[in-house]
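Coordinate inspection notes
Single-letter residue listing:
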Amino acid sequence: MGLVVGNPRIPVPSTSSAVSDSGRSVPPCLWRDRDFRRLWVGQTASQLGEHTTLIVLPLFAVLTLNAGAGELGVLRAVGQAPILLLSLFVGAWVDRWRTRTVMVVTDAGRTLVLGAAVVAGLLGWFGLPALLLVAFAVGALSVFFDVAYQASLVRLVKRDQLLQGNSALEGSRSAAQIGGPALGGALVSLLSAPIAAASSALFFALSFLSIRRTRRTESIPERLERPPPVWRRIHEGLRFVVSDTSLRTVCLASAAFQFSFAAMMTVYLLFLPRELHLSGTTVGLALAATGPGALLGSMLAARLPSRFGYGMVLVSAAALGDGVFLCVPALHGSSAVTVSALLAINFVFGVAGQLVNVTVMAVRQAVTPDGMQGRAAATITFVGMGMAPLGSLLGGFLAMEWGLRTSLLLTAAGMMLSPVLMALSPLARLGRALPGPL
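Heads up: these notes are all about the structure in this document. In every chain, residue numbers begin from 1 and rise along the written sequence. Per-residue local features are limited, in this predicted model, to residues with pLDDT of at least 70; the limit for side-chain atom pairs, both in listing and counting, is 80 or more; totals at the level of whole chains, interfaces and linings are taken over all residues. Each side-chain value is worked out from all heavy atoms of the structure, with water and hydrogens disregarded.

1. Regarding the nonpolar core
The following threshold applies: Buried Ala, Val, Leu, Ile, Met, Phe, Trp, Tyr and Cys residues that are joined via side-chain atoms within 4.5 Å together make up what is termed a nonpolar core. Here's how the labels work: a residue is buried when its accessible area is under 20% of the maximum for its type, exposed when over 50%, partly exposed in between, all with a 1.4 Å probe on protein chains only. Put simply, DSSP marks the helices as runs of H or I at least four residues long and the strands as runs of E at least two long, and each gets a number from the N terminus on. Residue contacts follow a heavy-atom distance rule, with two residues in contact if any of their heavy atoms lie within 4.5 Å.
Met264, Tyr268, Leu272, Phe325, Val328 and Leu342 are the most contacted members of the largest nonpolar core, which has 53 residues in total. Looking at this core element by element, the count peaks at 10 residues for helix α8 (residues 245-275). Residues contacting Met264, with those up to four places away along its chain left out, are Phe325, Leu408, Thr411, Ala412 and Met415. If you look at the next biggest cluster of nonpolar residues, it comprises 27 residues, including Leu355, Ala362, Ile380 and Leu427.

Structure follows, in structure tokens:
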């Protein structure tokens, strides 16, 4: 961990004027930075490919292969397992390499994997075993990309531009949430899974072409002739996160949310087509409503923390976004009222979820030194997202044993543990400015 001088405060940028209320200059607009624009385009395309794939594989399993609750739970768990298996190693590795290289290589890998899936589908080999292989391979490569892109922003922009940059990058994820589920659901329903997989491959290829054009030299830590063993670097990342109260709380709240959310989504993807009798296209459109909400949330995230405080925004948004899913089990049938309610629920979840995502990422990046960014991101991902495979398995088990409606209510209620943990921690008392690195 490198030496940090002083304890700077991060001024929150305002989009309405060139000078903040306190008289300090606001960072210049990042959209004038050509390399940032290329990163943004690549991130948007990559997220669009990822969100398309996330809906294509489960819907193909449910609608075409007639997969049951247990099989769908296994499929989702296999796709999420690389997070648990690889995150810590990837974080230690990314801190010693250029994030541009990591993202370009993983985009190329995902393009090739999905290209192979297209060929397998055309040859009639695209059954459940092939789906499991594709889900695991894409999930493993996505771990590398996600850790690298979270560390890349800190190396490309100044610290007082982090909130602005995170808002823009999370906005790109919102665009992916708008188009990805709708496109994936429509392609699976109207065409075939291989064609849907081909669309995802094209998005990853676009991301590869955009990110590889970035030219700015990254400020990566100096490599030692004899670097510490990977286990020591992993231990340094774990110790750093555990020792910081804010990051430790983020880990626990993320673990509670991801475990319950994965269980809920496994039941949710069965509940919509089988209990509410919605088509694949309608399911995709309902899930896509998260996107416009997330786009609004990313814009609000650039303003609300500076007005109400980071802690207030985190707890309130988490409670609203997680609690809204408690309304889903009350829905019946496939009427226009039901579909409208699903659109509204997913929109609210998108707004609140994006507020939490942007704010949490700004907190993590602000308190973490540059040489620890990859390991801190990977540790939080490992603890939080690492619970997702177990949650997916639990969701499949509950759906088989207790039925879809009861299981959906229980798993949605479990999501409320996350805002409770944040509300009881010092994270809830964060004010309008963030502390610098420890």
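2. A few points about a nonpolar patch on the surface
Condition: Note that patches include only residues with greater than 30% relative accessible area and no salt bridge, and the join distances are 9 Å for like charges and 5 Å for nonpolar side chains (Val, Leu, Ile, Met, Phe, Trp, Tyr). Calculation of accessible area relied on Shrake-Rupley with a 1.4 Å probe; when residues are assessed, cover is drawn exclusively from the protein chains displayed. The salt bridge definition used is simple: a Lys or Arg side-chain nitrogen within 4 Å of an Asp or Glu carboxyl oxygen.
Where nonpolar side chains cluster on the molecular surface, the patch consists of Leu295, Leu296, Met299 and Phe347 and spans about 330 Å² of accessible area. Top element by residues in the nonpolar patch is helix α10 (residues 290-300). It accounts for three residues. Of note, Met299 is situated in helix α10.

3. Here we look at the packing of aromatic side chains
Think of a pair of aromatic rings as described by two things: how far the centres are apart, and how the planes are tilted against each other in angle. Put simply, the rule is: Within 6.5 Å between ring centres, the rings of Phe, Tyr and Trp (the latter by its six-membered ring) count as paired, and their orientation is classed by plane angle as stacked under 30 degrees, edge-to-face over 60, tilted in between.
This structure, assessed with the given rule, holds four aromatic pairs. An angle of 85° between the planes, with centres 5.7 Å apart, marks the rings of Tyr268 and Phe325 as edge-to-face. Separated by 57 residues along the polypeptide, Tyr268 in helix α8 and Phe325 in the loop between α12 (310-323) and α13 (336-367) bring together distant segments of the chain. Taken individually, Tyr268 and Phe325 each receive the classification buried, so the pair is uniform in this respect.

4. Comments concerning the packing of helix α7 (residues 230-243) against helix α14 (residues 373-385)
Note the following rule: Whenever a helix is involved, its axis is fitted only over the stretch in contact; in every case the axis is a line through C-alpha atoms, and angles between N-to-C directions fall within 0 to 180 degrees. Any angle from 65 to 115 degrees is called roughly perpendicular, while one under 35 is roughly parallel, one over 145 is roughly antiparallel, and all others are oblique. Residue polarity follows a fixed list, in which Ala, Val, Leu, Ile, Met, Phe, Trp, Tyr, Cys and Pro are nonpolar, Asp, Glu, Lys and Arg are charged, and the others, Gly among them, are polar.
Two elements in contact, α7 and α14, have axes whose closest approach is 9 Å; the angle formed by their N-to-C orientations is 75°. Regarding the angle of α7 to α14, the classification is roughly perpendicular. Contact residues: α7 offers Arg233, Glu236, Gly237, Leu238 and Val241, while α14 offers Arg375, Ala376, Thr379 and Ile380. Taken together, the residues that form the contact of α7 with α14 break down as four nonpolar, two polar and three charged.

5. Observations regarding the pattern of salt bridges
Scanning the model with the defined rule gives three salt bridges in all. Between Arg110 and Asp107 there is a salt bridge, with the nearest N and O atoms lying 2.9 Å from each other. Here Arg110 and its partner Asp107 are both found in helix α3 (residues 99-122), three residues apart, which amounts to about one turn of the helix. One exposure class covers both Arg110 and Asp107, and it is buried. Residue Arg405 is joined to Glu275 by a salt bridge in which the shortest nitrogen-to-oxygen separation is 3.3 Å. Residue Arg405 is found in helix α16 (residues 404-414), and its partner Glu275 is found in helix α8; the two are separated by 130 residues along the sequence. Overall, Arg405 belongs to the partly exposed group, its relative accessible area being 22%. A network of salt bridges, in which partner residues are shared, links Glu50, Asp107 and Arg110.

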